[in-house]
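# Examining the three-dimensional arrangement
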Amino acid sequence: MAKKPREGPAGDAKAGGGMLKPPAELVYEAELKALGEADRDPRPPGWKLSPRAVRAFLCGSETLSIRRKFFGDDTMIERAIVSLSSNRGLMLVGEPGTAKSMISELLAAAISGSSINAIQGTAGTTEDHIKYSWNYALLLAEGPSPRALVPSPLYVAMKEGTLVRFEEITRCPPEIQDTLVSILSEKVMIVPELDGPDRVLHARPGFNVIGTANTRDRGVNEMSSALKRRFNFETVHPIRDLKQEIELVGRECDRLLKEVSAPVTITPQVVELLVSVFQELREGVSREGIQLERPSTVMSTAEAVSVAMAAGLDAFYFDGGALSPRHVVRHLAGAVLKDNPDDLKKLKHYFDVVVKPRSQKEGGPWTEMLEARKSLP
Ligand SMILES: Nc1ncnc2c1ncn2[C@@H]1O[C@H](COP(=O)(O)OP(=O)(O)OP(=O)(O)O)[C@@H](O)[C@H]1O
Ligand SMILES: [Mg+2]
C-alpha cells in the first residue's frame, strides 16, 4: 500500500489548508483579528482597520506581537496608506521582485479584508475585463439584466466599497488602461445596456485602486498623463540593508520549505553568502569595493528566495537535508542566466574577483562556493 505523504504546515494549518498559496487574509487571519480588536484609532469610511493598524500589519508591532512583513521604507508604507484613504489611487512602481504585489496584497487584506479581488494586466486585457461582461446565455434569453451581468473585480470593489488590485497595469494597452480615468475621477460606472437604478453604479466608501507596475515593462506601454494624475506614485526599492535581507531570505526560505514538507537545516552563513552574492551583483560593487559587471537579469530579493528554496529542495531530496554553498551554486546560474549569455561570464568573473580572494582570506562557505564553481554550465 502506498505510504501516506507527510502533511506540512500548509496541509494541516486551519487557515488555507489545502491551498497552494492561501491569500494574505487567511495566512494572517489571527493577526488581523488581534489588530481589529485592539484598534481604537479612527478608520476611514469603509475600512476594516485604522491606518495605524494597517501600518502595524505591514511593518510589525512588538506590543501586539505582529511580525514585520515588509522590509524597507516604513514612511513609504505610511504614504501609501494615506493615498488609499484619499480620492486618488495608489500606484506602486519598481524593479521586478521588490514586493510590489506583496504590499498590495497585504494592504488589500488589512483594509478591505480581502486581497483576491484583482485584475491581472496583460497585452490581452480588454475593457470588459476591467468593467463587466455578460453571461451570453442569459443575455440571449432575457436581454440585458443585472442577473446577466458578469461583474469585473473593479465592479465588485465599487459595489462593495473595497480595494481592487490592478497588477502589472502597464502591460495593458494605454487605451485600455484609460478605462480607469473616468471611474477614478467620477467614482461612477455607467452600464448603458441596463435601465433604471442598475444603469449607474456609484462606488461605495472604501473603494479605491492599487496598481502595480514594473519599471522594466514601463516603456512598452506608457501610461497616459490623464491616468497618471489619478494615482499617487510610490517607488518600491530593493532592500539595501544586508542584515534585513538575510533575515527575510532565511525566514521565507524556511517557511516555504516547511510548506512543502521539506525541513532543511539552513545555517546563517549560507544565507549570508547567498544574499551577499545577490546584493553585490545587484549593486555592481563588492564589499571590498571591487567594481563588478551587473547581470542584465534582475537580482531581486524574490529571486534570492527562489534560489534559496531550490537549493534547499536539492539538499533535501538529493543530499541528506543540509543546505550548503554547493547547492546554492547549482541553482545560481538558473537565476542569473535567463536570456543573455554574457550574464554567465559576469557570474564567472564574480567567482574570479570576489569568491576566490574571499576563500583565501575567510575560507569557510566561500571556499565551498569556489569548489562548486565547476558545476556552473
Ligand atoms: N522589501 C521586501 N520586504 C519583504 N519581502 C520582500 C521584499 N522584497 C522582496 N520580498 C520578497 O519577494 C517576494 C516577491 O515579491 P513580489 O512578487 O511582491 O514582487 P513584485 O515587485 O510584485 O515583482 P514583479 O514586478 O516581478 O511582479 C515577496 O513575497 C517577498 O518574499
Ligand atoms: Mg508583482
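Description of the structure in this document. Not measured: the values here are computed from a predicted model. For every chain, the first residue of the written sequence is number 1, and numbering continues from 1 onward in sequence order. In the order they appear in the text, chains get letters beginning with A and ligands get numbers beginning with 1. Confidence filtering applies because this is a predicted model: local features only for residues at pLDDT of at least 70, side-chain atom pairs given and counted only at 80 or more, and all residues used for totals across whole chains, interfaces and linings. Heavy atoms from the whole structure form the basis of all side-chain values; hydrogens and water molecules are not counted.

## Re the site of ligand 1
Quick note on the threshold: Any residue with a heavy atom lying within 4 Å of a molecule or strand is counted as near it. Throughout this description, a polar contact denotes any pair of N or O atoms lying within 3.5 Å of each other; where both atoms belong to protein, one of them has to be capable of donating a hydrogen while the other can accept it, and for residues adjacent in sequence the pair is counted only when both atoms sit in side chains. Methods summary: accessible areas were calculated by the Shrake-Rupley approach with a probe of 1.4 Å, and residue burial reflects only the protein chains presented. Only runs of H or I of at least four residues qualify as helices and only runs of E of at least two qualify as strands under DSSP, and these elements are numbered from the N terminus. For this scheme, ten residues count as nonpolar: Ala, Val, Leu, Ile, Met, Phe, Trp, Tyr, Cys and Pro. Four count as charged, namely Asp, Glu, Lys and Arg, and the remainder, Gly too, count as polar. Domain ranges listed in this record stem from an automatic or a database domain assignment.
The environment of ligand 1 is formed by 17 residues, the closest being Phe 71, Gly 97, Lys 100, Ser 101 and Met 102. One nitrogen or oxygen atom from the side chain of Asn 214 is found 2.8 Å from an oxygen atom belonging to ligand 1. At 3.4 Å, a side-chain N or O of Glu 252 approaches an oxygen atom of ligand 1. If ligand 1 stood free it would expose 650 Å²; the protein chains cover 82% of that surface. The element best represented in the shell around ligand 1 is helix α6 (residues 100-112), accounting for three residues. Within the shell around ligand 1, the residues separate by chemical class into eight nonpolar, five polar and four charged. Shared between two domains, the shell around ligand 1 holds at least three residues of each, these being domain 1 (9-236) and domain 2 (242-375).

## Some points on unusual backbone geometry
Despite not being glycine, Ser 65 shows a phi value in the positive range, around 55°. Along the chain, Ser 65 turns up in the loop between α4 (51-59) and α5 (74-85). Non-glycine residue Glu 168 carries a positive phi angle of around 50°.

## Quick word on the packing of helix α14 (residues 268-283) against helix α15 (residues 301-318)
We apply this condition: Every axis in this analysis is a line fitted to C-alpha atoms, fitted for helices over the stretch in contact. Angles between the N-to-C directions lie between 0 and 180 degrees. Note on convention: the crossing is left-handed when the near helix lies turned anticlockwise from the far helix by less than a right angle, right-handed when the turn is clockwise. Here a residue-residue contact requires only that any non-hydrogen atoms of the pair lie within 4.5 Å.
One can describe the packing of α14 onto α15 by two numbers: an axis separation of 10 Å at closest approach and a directional angle of 145°. With respect to the hand of their crossing, α14 and α15 are arranged in right-handed fashion. Across the interface between the two elements, Leu 274, Phe 278 and Arg 282 of α14 pack against Thr 301, Glu 303, Ala 304, Val 307 and Ala 308 of α15. Looking at the contact of α14 with α15, its residues break down into five nonpolar, one polar and two charged.

## Thoughts on the nonpolar core
We count it as follows: Throughout this description, the term nonpolar core refers to a set of buried Ala, Val, Leu, Ile, Met, Phe, Trp, Tyr and Cys residues connected via side-chain atoms within 4.5 Å. To sort residues, take the accessible area from a 1.4 Å probe on protein chains only and compare it with the maximum for the residue type: under 20% means buried, over 50% means exposed, and anything in between is partly exposed.
Residues Val 249, Phe 278, Tyr 350 and Met 369 are the most contacted members of the largest nonpolar core, which totals 40 residues. Listing elements by their share of this core, those giving two or more residues are α13 (242-259), α14, α15, α16 (325-336), α17 (342-361) and α18 (365-371). A per-element tally of this core places α14 first, with eight residues. Phe 278 has contacts with Met 299, Ser 300, Glu 303, Ala 304, Val 307, Leu 332 and Ala 335, leaving out every residue within four places of it along the chain. Counting residues in hydrophobic clusters, the runner-up holds 32 residues, among them Ile 119, Tyr 132, Tyr 155 and Leu 201.

What is shown is where atoms sit, not what they do.
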